[in-house]
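# Chain and residue survey
Chain by chain, the residues:
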Amino acid sequence: MAHDHDHHHDHDHGSDLDEMTLRVRALETILLEKGYIEPAAIDALIEAYEKKIGPRNGAHVVAKAWADPKFKEWLLKDGTAAMESLGYGGRSGNHLVALENTPAVHNMVVCTLCSCYPWALLGLPPLWYKSAPYRSRTVSEPRSVLKDFGIELPKDTEIRIWDSTAELRYLVVPMRPPGTEGWDEKRLAQLVTRDSMIGTGFPKRPEDLQ
Amino acid sequence: MNGAADMGGMHGFGPVVPEPNEPVFHADWEKKIFALNIGMGAAGIWNLDTYRFVRESIPPPQYLNLSYYGLWVESLHRLMLSYGIATPEEIKAGHAIEPVKQPPRPVTAEQVLNVVHCGHPYNRNARTDALFSPGDKVRTKNMHPHHHTRLPRYARGHVGEIVRIVGCHVFPDSNASEKGEDPHWLYTVRFDGRELWGPDSDPSVRVCIEAWEPYLEKA
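Residues numbered from 1 in each chain as written. Chains lettered and ligands numbered in written order. Predicted model: local features only at pLDDT ≥ 70, side-chain atom pairs only at ≥ 80, totals over all residues. Heavy atoms only, no water.

Attention now goes to the pairing of strand E3 (residues 158–163) of chain A. Residue and element names in this part refer to chain A. Counting buried residues along E3, six of its six residues qualify, which places the element largely inside the surrounding structure. Residues Glu 158, Arg 160 and Trp 162 point to one face of E3 and Ile 159, Ile 161 and Asp 163 to the other, with burial holding for every one of them. Bridge analysis of strand E2 (residues 105–110) against E3 gives six bridges, and the strand direction is parallel. Bridge pairing links Val 110 to Asp 163 in E3. (Buried < 20%, exposed > 50% of the residue type's maximum accessible area, 1.4 Å probe, protein only. Helix = DSSP H or I, 4+ residues; strand = E, 2+ residues; numbered from the N terminus. Pairing = 2+ DSSP bridges.)

Here you go:
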């Protein structure tokens, strides 16, 4: 038996594949062979998070809040219900809290313990969000983290950090850029960047769209 | 537990480096391990808190040397071993050797899409009244359990203010050890940055965490 396996291994895997590819292939093969998961389930998950669920969802929510004061009030009061009214929710989005940025308060979201992030609205987190530098420094020195993003806030602006320690997920509602009076939701959504909904960036300005 | 995952306040990791136009995944194996972890989560063999505990139990030298999805590979590897899904020999060989003891019901595409779209709410019915109200001053406990907890080290033994009663939620400290969901009241607690980081730290910083009632005492 053992000899057969080694033989199979050498032929199938080759030496040009990296360690992680080999390790993942081993785990996947065992799970498929033992019938724990169907290949279609693997494909469906990759497709959902690579192609379908992303920051456009969150941008829709933010743009609606900018355009519709009643919706904004609802979103800030009951983020989960307001988000679900637009068809968003599900995994990493069952309990949502929306945080409004104002000239006095700037909100920033982190998960120091792992990588909790509002998948339902922003898709999977970027690498920097899950990285040790961001997870370690955001709670203790947020201004220096913001500098890494090229952002400097006035000294007297309160910086409010939200460490995602439970199953709540946070969405920052950035300040609506000036010069967008009368814009509809769809146009406003083009200004909403992923980072502005985490608190590490600002929305685009109208002139950025030209 | 006081593992490598609990990073808040650590020094020496360097700058945050955003990647312009970052792809969702950087390699095919990342896609696969992502889907295998989430897919197997839907199998109902382990729960989310057990899963997090397995990841944070990776010894610090190994944890800090693995990439993000490398940690997912190591976690699934450990889970498959500890739940008897695979033997070390099988993982080494790269395929099944042992017969399956209890044939599992395979996780289907329909099941995983249900998880994607419906998720898994963590709120539960309360059996007691909430002990604290917004505005109350509370002190987080100074505790260093070896088991899973969601009270980060930097926020232990400090005074903060209750800003919101979130609801009654599954208690990860219990759920991770498979001792049941044992739901408790969950609160948002806000700390002044100087309470956490000392009088010389940035006075404009406030830090909010979610804390379950057993983490808190009246201040």
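Now that the structure is up, let's keep going.
Per-residue pLDDT for chain B has a mean of 97; in total, 100% of the residues score no lower than 70. Here the predicted complex scores 0.95 on pTM and 0.97 on ipTM. (pLDDT = per-residue confidence, 0-100.)

Let us now look at the sheet that holds E2 of chain A. Read across the open sheet, the seven strands follow the order E2(A)-E3(A)-E4(B)-E3(B)-E2(B)-E1(B)-E5(B); overall the sheet is mixed. Among the strands making up the open sheet, the edge pair consists of E2 of chain A together with strand E5 (216–218) of chain B. Looking at each pair of strands side by side, their axes are set apart by 35 degrees on average, direction ignored. By the bridge criterion, seven bridges tie strand E3 (residues 184–192) of chain B to strand E4 (residues 205–212) of chain B in an arrangement that is antiparallel. What sits directly across from Asp 192 of chain B, in E4 of chain B, is Arg 206 of chain B. (Axes fitted to C-alpha atoms, helices over the stretch in contact; angles between N-to-C directions.)

A few words on the interface of chain B and chain A. Each partner contributes residues to the interface: chain B has 91 residues there, and chain A has 77 residues. In total, about 7,500 Å² of surface goes out of reach between chain B and chain A, with carbon and sulfur atoms giving 66% of it. Our enumeration of links across chain B and chain A arrives at six salt bridges. With a shortest N-O distance of 2.9 Å, Arg 52 of chain B and Glu 167 of chain A are connected by a salt bridge. Joining chain B to chain A, the criterion identifies 36 residue pairs in polar contact (both at pLDDT 80 or more). (Contact = heavy atoms within 4.5 Å. Buried area = accessible area lost by both parts, 1.4 Å probe. Salt bridge = Lys/Arg side-chain N within 4 Å of Asp/Glu carboxyl O. Polar contact = N/O pair within 3.5 Å; in protein donor to acceptor, adjacent residues only side chain to side chain.)

This paragraph deals with the side chain of Glu 210 of chain B. One can find Glu 210 of chain B in strand E4. Within the buried set, Glu 210 of chain B has no salt-bridge partner at all; the shortest N-O distance to an opposite charge, 4.4 Å, is to Arg 164 of chain B. Those residues in contact with Glu 210 of chain B, other than ones at most four positions away along the chain, are Asp 163, Thr 165, Ala 166, Leu 168 and Tyr 170 of chain A together with Arg 164, Val 166, Leu 186, Tyr 187 and Thr 188 of chain B. (Lys, Arg positive; Asp, Glu negative; His and termini not counted.)

Now for the packing of aromatic side chains. A full pass over the atoms with the stated rule returns 23 aromatic pairs over all chains. Centre to centre, the rings of Trp 128 of chain A and Phe 149 of chain A are 4.7 Å apart; their planes meet at 75 degrees, and the pair counts as edge-to-face. Placement of the pair is Trp 128 of chain A in helix H8 (residues 127–130) and Phe 149 of chain A in the loop between helix H10 (142–148) and E3, with a sequence separation of 21 residues. Just as Trp 128 of chain A is buried, Phe 149 of chain A falls in that class too. When the centroid spacing of 5.0 Å and the interplanar angle of 70 degrees are considered together, the rings of Tyr 68 of chain B and Tyr 69 of chain B count as edge-to-face. In this structure, Tyr 68 of chain B and Tyr 69 of chain B share a single accessibility class: buried. Feature note: the residues Tyr 49 and Trp 119 of chain A together with Phe 25, Phe 34, Tyr 51, Tyr 68, Tyr 69 and Trp 72 of chain B constitute an aromatic cluster, connected by ring pairs. Between Lys 64 of chain A and the ring centre of Phe 71 of chain A, over which it is positioned, the NZ or CZ distance is 5.6 Å. Lying across the ring of Trp 183 of chain A, Arg 187 of chain A places its NZ or CZ 3.9 Å from the centre. (Phe/Tyr/Trp six-rings, centres within 6.5 Å; stacked < 30°, edge-to-face > 60°. Lys NZ or Arg CZ within 6 Å of the ring centre and 35° of its normal.)

All names here are of chain B. The residue Asn 21 is not glycine, and still its phi comes out positive at about 50 degrees. Given a relative accessible area of 78%, Asn 21 falls into the exposed group. The backbone of Asp 182 shows a phi angle near 35 degrees, a positive value even though the residue is not glycine. Checked against the element boundaries, Asp 182 lands in the loop between helix H7 (172–175) and E3. Residue class for Asp 182 comes out partly exposed when judged on its relative accessible area of 30%.

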